[in-house]
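As a plain string of letters, each chain reads:
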Amino acid sequence: MSSNILVTGAAGYVRVTATVRSDEQAKFLSESGINVLQLDLTDEKAVIDGIVKHNSELLMFNIVIHTASSLDPRLAFNLLTGLAEQQKASGSKAYFIHTSGLSAFLPKTGWPEGEMKDSDSIFETEKQFAESFALRKNHIDITEAAKALGIASFIVVPCTVYGKGTGQWNQLSVIFPITIQASIKQKSVSKFPEDGKCAGVHISDLTNLYGLIVKNILEGSGALIPNGMHGYYVAIAHEMSRWETLNRLAAAMKARGLVASSETQVWTSDEAAAEATGVPAMFVDILFNSSANIIADNAFKLGWKPKWDETRFLDNIDDEIMSVLELGKAKSSLVDSLFLAAGS
């Protein structure tokens, strides 16, 4: 059987089928030449039917790249169940690539102090601290569920993603567009009182990491590279100073007449930042003012070679502004998911 890839979320590669939630997304992507499977990923039966009952050669999915949500584990469990059924029916090994978030490895969310590599005993450490943060518990539960079903699993952990994407539906990331839109709204770029480092990765470099994992699977090495309890792939291409980044952003926005001054201001409180950014106050510090204690190792061992570093990012920071002015608000459900989590 040839390998076919199902991507949750409106995305597309060669011979990829993308799952979407809305009629609008389905119509847009179909007209763009992307195979579309419209599914409610919270509906287990619908997901199983979508994966298993499409039994033509072109739609036998044995690889799922799950990018739709890291916060709601039900979606991952339903996809794993469908993959297990497909694996049983086809006799072909199934693979599940889960997308998560760097907040699982922040001291502010309960992750222990002291740096660790993603090639270290991350799974065992997460298990010790799983109950203190939902994302870590999701990692444990998804990894254990995949193992029980005989599915090779991988967890890709992006950091702050930047750059304009090439997808047909959403071409904007989250953090920088929110920051830029908030700055336009209040006519100034604001920072938190303390400086620090944050991790960054260009969308093209992140995509290449997914591609490397898939390449290994297609070449028959999917079960040989780190997977399951060892399958953490932290996508950190470089670090960058938060203040330096915001200073460069303020200068670029002032040059475009979007803010009143090239000098950054200081947020008076998390609540003020939340109001300006449209993010729940309890997540402001995590998203905009935190540093992770995790070092990317597995991705580089796999041969990952990011092309973007801090210098290139800062030298091209005006691209982030141009993308927001061109495209407006990101078509992402992340902020909505954060509000749901904040209310739970």
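Residues numbered from 1 in each chain as written. Predicted model: local features only at pLDDT ≥ 70, side-chain atom pairs only at ≥ 80, totals over all residues. Heavy atoms only, no water.

### Some words on the environment of Ala235
Moving on, step 1. Here Ala235 shows up in strand β11 (residues 232–235).
Moving on, step 2. C-alpha separation for the pair Ala235 and Trp304, spaced 69 residues apart in sequence, amounts to 9.4 Å.
Moving on, step 3. With residues near it in sequence (within four places) discarded, Ala235 still touches Val157, Pro158, Cys159, Val201, Leu206, Leu209 and Trp304. (Helix = DSSP H or I, 4+ residues; strand = E, 2+ residues; numbered from the N terminus. Contact = heavy atoms within 4.5 Å.)

### Quick notes on helix α13 (residues 318–327)
Every α-helical turn comprises 3.6 residues, leaving residues that sit three or four positions apart pointing alike.
Moving on, step 1. When α13 is considered as a whole, its buried residues turn out to be Glu320, Ile321, Ser323 and Val324. The buried residues of α13 occupy an angular sector of 160° when the element is viewed end-on, so they sit on one face.
Moving on, step 2. Where α13 is buried, its residues contact β8 (160–162), α6 (175–186), α8 (242–255) and α12 (310–315). (Buried < 20%, exposed > 50% of the residue type's maximum accessible area, 1.4 Å probe, protein only. Arc of directions from axis to C-beta.)

### Some details on the packing of helix α9 (residues 270–277) against helix α10 (residues 281–288)
Moving on, step 1. Contact pair α9 / α10: the axes reach a minimum separation of 8 Å and the direction vectors enclose 85°. Here α10 runs roughly perpendicular to α9, going by the angle between their axes. Each of Asp270, Glu271, Ala273, Ala274 and Thr277 in α9 lies in contact with α10, whose residues at this interface are Ala281, Val284, Asp285 and Phe288. (Axes fitted to C-alpha atoms, helices over the stretch in contact; angles between N-to-C directions. Parallel < 35°, antiparallel > 145°, perpendicular 65-115°, else oblique.)

### Some thoughts on the sheet that holds β8
Sheet strands line up and pair through hydrogen bonds in the backbone, either parallel or antiparallel.
Moving on, step 1. With mixed pairing, 3 strands are arranged side by side in an open sheet as β8-β10-β12. For this open sheet the edge positions go to β8 and β12 (238–241), each flanked by a neighbour on one side alone. In this sheet, adjacent strand axes meet at a mean angle of 45° when their direction is disregarded.
Moving on, step 2. Here 3 bridges tie β8 to strand β10 (residues 197–202), and the two strands are oriented parallel to one another. (Pairing = 2+ DSSP bridges.)

### Observations regarding empty space enclosed by the protein
Moving on, step 1. As enumerated under the stated definition, the model contains 1 cavity of 30 Å³ or more in all.
Moving on, step 2. A volume near 50 Å³ is recorded for the largest cavity.
Moving on, step 3. Residue lining of the largest cavity: Gly163, Lys164, Gln171, Leu172, Ser173, Phe176, Pro177, Ile180, Glu320, Ser323 and Val324, and that is the complete set.
Moving on, step 4. Of all elements in the fold, only α6 and α13 reach the threshold of two or more residues within the lining of the largest cavity.
Moving on, step 5. Grouping the amino acids of the lining of the largest cavity by side-chain chemistry returns 5 nonpolar, 4 polar and 2 charged. (1 Å grid on protein atoms, 1.4 Å probe; cavity = no way out; pocket = protein on both sides within 12 Å on 5 of 7 lines; lining within 4 Å. Points joined across faces, edges and corners; volume = space filled by probe spheres on them. Nonpolar A, V, L, I, M, F, W, Y, C, P; charged D, E, K, R; others polar.)

### Some points on the pattern of salt bridges
Moving on, step 1. In the structure shown here, the tally under the stated rule is 10 salt bridges.
Moving on, step 2. Between Asp72 and Arg74 there is a salt bridge; the shortest N-O distance is 2.6 Å.
Moving on, step 3. Taking the shortest distance from any N to any O, the salt bridge between Asp141 and Lys137 comes out at 2.8 Å. Here the residue Asp141 and the residue Lys137 both occupy positions in helix α5 (residues 134–148), the gap between them amounting to 4 residues, near one helical turn.
Moving on, step 4. Relative accessible area serves as the criterion here: at 30%, Lys137 is assigned to the partly exposed category.
Moving on, step 5. Shared partners join several salt bridges into a network, and the residues in it are Glu244, Arg248 and Asp315. (Salt bridge = Lys/Arg side-chain N within 4 Å of Asp/Glu carboxyl O.)

### Observations regarding the side chain of Ser241
Moving on, step 1. Its location among the elements puts Ser241 in strand β12.
Moving on, step 2. Since its relative accessible area comes to 12%, Ser241 is described here as buried.
Moving on, step 3. For Ser241, the side chain forms a polar contact with the side chain of Asp195, separated by 3.4 Å.
Moving on, step 4. Discounting residues that sit within four places of it in the chain, Ser241 has contacts with Asp195, Gly196, Lys197 and Glu310. (Polar contact = N/O pair within 3.5 Å; in protein donor to acceptor, adjacent residues only side chain to side chain.)

### Considering the packing of aromatic side chains
Moving on, step 1. Counted under the stated rule, the structure contains 7 aromatic pairs.
Moving on, step 2. When the ring of Phe105 is compared with that of Tyr232, the centres are 6.5 Å apart and the planes differ by 75°; the resulting orientation is edge-to-face. You can see Phe105 sitting in the loop between β5 (95–99) and β6 (116–117) and its partner Tyr232 sitting in strand β11, a full 127 residues away along the chain.
Moving on, step 3. Counting every residue linked through ring pairs, the aromatic cluster contains Tyr162, Phe176, Trp308 and Phe313.
Moving on, step 4. The ring of Trp243 carries Lys191 above its face, with NZ or CZ at 4.0 Å from the centroid.
Moving on, step 5. The lysine or arginine in question, Arg312, covers the ring of Trp308, its NZ or CZ lying 3.9 Å from the ring centre. (Phe/Tyr/Trp six-rings, centres within 6.5 Å; stacked < 30°, edge-to-face > 60°. Lys NZ or Arg CZ within 6 Å of the ring centre and 35° of its normal.)

### So, unusual backbone geometry
Moving on, step 1. Even without being glycine, Lys187 reaches a positive phi, approximately 60°.
Moving on, step 2. Considering the arrangement of structural elements, one finds Lys187 in the loop between α6 and β9 (190–191).
Moving on, step 3. Look at Lys187 and you get partly exposed, because its relative accessible area is 48%.

### Comments concerning the confidence of the model for the chain
Moving on, step 1. Of all residues in the chain, 81% attain a pLDDT of 70 or more, and the chain-wide mean is 85.
Moving on, step 2. Segment residues 11–21: pLDDT under 50, and 51 contacts once partners within four positions in sequence are set aside and those in other chains are kept.
Moving on, step 3. Long-range and interchain partners of residues 28–33, a stretch whose pLDDT sits below 50, account for 11 contacts in this model, where long-range means more than four residues apart. (pLDDT = per-residue confidence, 0-100.)

### Re the nonpolar core
Moving on, step 1. Grouped together as the largest cluster of nonpolar side chains are 44 residues, with contacts concentrated most on Ile97, Leu102, Phe105, Phe154 and Ile213.
Moving on, step 2. Element by element, the count of residues in this core is highest for helix α7 (residues 203–218), at 7 residues.
Moving on, step 3. Ile97 has contacts with Val64, Ile65, His66, Phe154, Val156, Tyr210, Ile213, Val214 and Ile217, leaving out every residue within four places of it along the chain.
Moving on, step 4. Of all hydrophobic cores here, the second largest spans 19 residues; its members include Tyr162, Ile180, Ala250 and Leu258. (Core = buried A, V, L, I, M, F, W, Y, C linked by side-chain atoms within 4.5 Å.)

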